[in-house]
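Spelled out from the first residue to the last, the chains are:
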Amino acid sequence: MDAQTTPTHNTLWHKGFAALSLANVLLTTAVYMMMAVAAGWLRSEPLSPFAKGCIMGAYGIGLFLLGPLCSFLVERYRRNHVCELAVASLAAFVWLFGLMQQNITSWNISPAMFALVRMAVGAMFGLAQMVLSSTLVIDVCESFQRTCANHATAWFGRIALCLGPLMALLMGSYLPTVCPYWPMALLCVAAVVLIQMVPIPFRAPSDSYPHFSLDRFLLPASWPLFLILAGFCTALGYSLTLPHPILFYLMMLVGVAGSMLERRMVSVDGHPRIAIAVGFIVMAGATLLATSAATLSQCLSGLMTGFALGVAGCHLLTTFLNLSNHCQRGTSQSSYFLSWETGVALGVFLSFGCPFTQTIILTILAVALLSYLLLVYPWYVRHKVR
């Protein structure tokens, strides 16, 4: 199929977009399911807090390893094939991590080896998401639908973020004898099948393309927002490592649904500072309640976390997109994804590797919010191009 015979779609929701959206859900669910299972396992391991933090946080370093090659890979090879290979490799590394965990003594596996595999998981997930969300999803949508597609992809990612830990807890409660890493790998395989089902229009490669590039990787103009969103997501990473009950993640889903309803009913597009500030404040409240064992506190913490993710995350994505030129949409989407996951990885590392983590997280939230209101938002108003 060439560019001239690409079918047009009057609506955003067609078979190709639906298949890629579901693939995104399965892929993200598998990664966050692994995060929850690995965190639960490490809590009982006789390792130093710093070693545990490095194992979990190495994922954040891996996210950036293949980013400079992303543009070269999608120009040199078929975009969908690059994504499929990255997801299939992710499934293999997830399965390998499970084998290493089961044979840690007999194989004499060191913490550094676990950290390397976690880094590989981050690298494959980062490449897969940069191609899937920033290239394939855009390619199957009409130009006037791409902003809606970007936001829909992000919403599915937030839902999957809740589903991953929830599935891990459900498996631990009702299928304790089943190795949870196998279902994670199967979710990745199912994502590969869905991507293969979508006809991606052929695009002739450029006459020349550098091996290393920021294209489809990082948007330099967005670095202040990158830091703000990463600071916000440290609280999420911290919360995901705590031993929450199933009810917490069910309430997170309710909170995300509530933020979607708020997005449709309350118009704050002209005042994104309000929505983002509310998201930060609600996330700070959720962080304060996260360590309480009381059922009501856990319900409120989960509900507030999901709501904060949706409210602040949605408007911060809009600001990333507004800083990009027309040809930089995919790059801004990748920058948003990397900022989000960097914050999560930092929060996970701090949760395991540092004392007084809750105080540190609350301080990061306060500094990020004040920086946004006083410095970054005025800068954004001067530099936005949309």
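What counts and how
- Residues numbered from 1 in each chain as written.
- Predicted model: local features only at pLDDT ≥ 70, side-chain atom pairs only at ≥ 80, totals over all residues.
- Heavy atoms only, no water.
- Helix = DSSP H or I, 4+ residues; strand = E, 2+ residues; numbered from the N terminus.
- Expected span 1.5 Å × (residues − 1).
- Buried < 20%, exposed > 50% of the residue type's maximum accessible area, 1.4 Å probe, protein only.
- 1 Å grid on protein atoms, 1.4 Å probe; cavity = no way out; pocket = protein on both sides within 12 Å on 5 of 7 lines; lining within 4 Å.
- Points joined across faces, edges and corners; volume = space filled by probe spheres on them.
- Nonpolar A, V, L, I, M, F, W, Y, C, P; charged D, E, K, R; others polar.
- Axes fitted to C-alpha atoms, helices over the stretch in contact; angles between N-to-C directions.
- Parallel < 35°, antiparallel > 145°, perpendicular 65-115°, else oblique.
- Left-handed = near helix turned anticlockwise from the far one by under 90°.
- Contact = heavy atoms within 4.5 Å.
- Patch = residues over 30% accessible without salt bridge, like charges linked within 9 Å, V, L, I, M, F, W, Y side chains within 5 Å.
- Areas by Shrake-Rupley, 256 points an atom, 1.4 Å probe, with all protein chains shown as cover.
- Salt bridge = Lys/Arg side-chain N within 4 Å of Asp/Glu carboxyl O.
- Phe/Tyr/Trp six-rings, centres within 6.5 Å; stacked < 30°, edge-to-face > 60°.
- Lys NZ or Arg CZ within 6 Å of the ring centre and 35° of its normal.
- Disulfide = S-S within 2.5 Å.
- Core = buried A, V, L, I, M, F, W, Y, C linked by side-chain atoms within 4.5 Å.

Visitor: How should I be thinking about helix α5 (residues 111-139) in this particular structure?
Guide: Every α-helical turn comprises 3.6 residues, leaving residues that sit three or four positions apart pointing alike. Over its 29 residues, α5 extends 41 Å from the first C-alpha to the last, a length consistent with the 42 Å expected when each residue adds 1.5 Å. With 24 of 29 residues buried, α5 lies mostly within the body of the structure.

Visitor: Explanation requested: the layout of surface pockets in the structure shown.
Guide: Gaps left between atoms show up when a probe the size of a water molecule is rolled over them. When its volume is computed, the second largest pocket comes out at roughly 300 Å³. For the second largest pocket, the lining is made up of 21 residues, of which Ala36, Val37, Ala168, Leu169 and Gly172 are closest to its centre. Within the residue set of the lining of the second largest pocket, elements represented by two or more residues are α1 (15-43) and α6 (146-174). Tallied by class, residues from the lining of the second largest pocket come to 16 nonpolar, four polar and one charged.

Visitor: Explanation requested: the packing of helix α8 (residues 223-240) against helix α12 (residues 329-353) in the structure shown.
Guide: Between two packed helices, the angle of one axis relative to the other and the distance separating the axes together describe the packing. Closest axis-to-axis distance for the α8/α12 pair is 6 Å, and the angle between their directions is 45 degrees. Between α8 and α12, the angle falls in the class oblique. As for the relative orientation of α8 and α12, their crossing is right-handed in sense. Together, Leu225, Phe226, Leu229, Ala230, Cys233, Thr234, Leu236, Gly237, Tyr238 and Leu240 of α8 and Ser335, Tyr336, Leu338, Ser339, Trp340, Thr342, Gly343, Val344, Leu346, Gly347, Val348 and Ser351 of α12 make up the contact between the two elements. Here the contact of α8 with α12 is composed, by residue class, of 14 nonpolar, eight polar and no charged.

Visitor: Teacher, can you tell me more about empty space enclosed by the protein here?
Guide: If you walk through the whole model with that rule in mind, you get one cavity of 30 Å³ or more. In this structure, the largest cavity occupies an estimated 240 Å³ of space. Together, 19 residues line the largest cavity, and Thr153, Ala154, Gly157, Tyr336 and Phe337 are the ones closest to its centre. Where the lining of the largest cavity is concerned, the elements lending two or more residues are α1, α5, α6 and α12. Per-class residue counts for the lining of the largest cavity are eight nonpolar, nine polar and two charged.

Visitor: Is there a simple way to explain the environment of Val256 in this structure?
Guide: The residue Val256 is located in helix α9 (residues 246-265) in this model. Distance in space between the C-alpha atoms of Val256 and Met304 is 8.9 Å, their sequence separation being 48 residues. Residues in contact with Val256, not counting those within four places in the same chain, are Trp155, Arg158, Ile159, Cys162, Gly306 and Phe307.

Visitor: Whenever I open this one, a nonpolar patch on the surface confuses me. Can you help?
Guide: Side chains of Leu170, Tyr174, Leu175 and Val178 sit close together on the surface and give an oily, nonpolar patch of about 390 Å² of accessible area. Tracing the chain through its elements places Leu175 in the loop between α6 and α7 (181-196). When its relative accessible area of 46% is taken as the criterion, Leu175 is described as partly exposed.

Visitor: Would you mind showing me how to read the packing of aromatic side chains here?
Guide: Applying the stated criterion across every chain, the model contains 18 aromatic pairs. Seen from their ring centres, Phe64 and Phe217 are 6.3 Å apart, and the 75 degrees between their planes marks the pair as edge-to-face. Of this pair, Phe64 sits in the loop between α2 (49-62) and α3 (70-76) while Phe217 is found in the loop between α7 and α8, placing the two residues 153 residues apart along the sequence. For the ring pair Tyr377 and Tyr380, a centre distance of 6.0 Å and an interplane angle of 45 degrees mean the geometry is tilted. With Tyr377 and Tyr380 both in helix α13 (residues 357-383), this residue pair falls three residues apart, about one helical turn. Just as Tyr377 is buried, Tyr380 falls in that class too. Through pairs of rings, three or more aromatic residues link up here, namely Trp41, Phe97, Phe114 and Tyr181. One cation-aromatic arrangement involves Arg158 over Trp155; the distance from NZ or CZ to the ring centre is 4.5 Å.

Visitor: What am I meant to see in the state of the cysteines here?
Guide: Defined simply, a disulfide is a covalent bond joining two cysteines at their sulfur atoms. Per the stated rule, a full pass over the model turns up zero disulfides. Cys141 supplies the cysteine sulfur nearest to Cys148, a cysteine that is in no disulfide, at a spacing of 9.3 Å. For Cys354, which is in no disulfide, the shortest distance to another cysteine sulfur is to Cys54 and amounts to 9.8 Å.

Visitor: Could you clarify how one ought to interpret the nonpolar core in this entry?
Guide: Judged by nonpolar contacts, the single largest core of 123 residues is most densely connected at Val87, Leu90, Tyr181, Phe232, Trp340 and Val344. The biggest single contributor to this core is α1, with 18 residues. Residue contacts for Val87: discarding those within four places in its chain leaves Leu27, Ala128, Cys188, Ala191, Val192 and Ile195.

Visitor: What exactly am I supposed to notice about the pattern of salt bridges here?
Guide: Between side chains of opposite charge, pairing is possible as soon as their charged atoms come close. With the rule as written, the count across this model stands at three salt bridges. The shortest N-O distance in the salt bridge between Arg216 and Glu75 comes to 4.0 Å. In this pair, Arg216 is assigned in the loop between α7 and α8 and Glu75 in helix α3, connecting sequence segments 141 residues apart. Across the pair Asp215 and Arg216 runs a salt bridge, and its minimum N-O distance is 3.4 Å. The exposure class assigned to Asp215 is partly exposed, which follows from its relative accessible area of 32%. According to the relative accessible area criterion, Arg216 is buried, its value standing at 11%. Three or more residues joined by partner-sharing salt bridges are found here, namely Glu75, Asp215 and Arg216.

As far as function goes, none of this settles anything; it's purely spatial.
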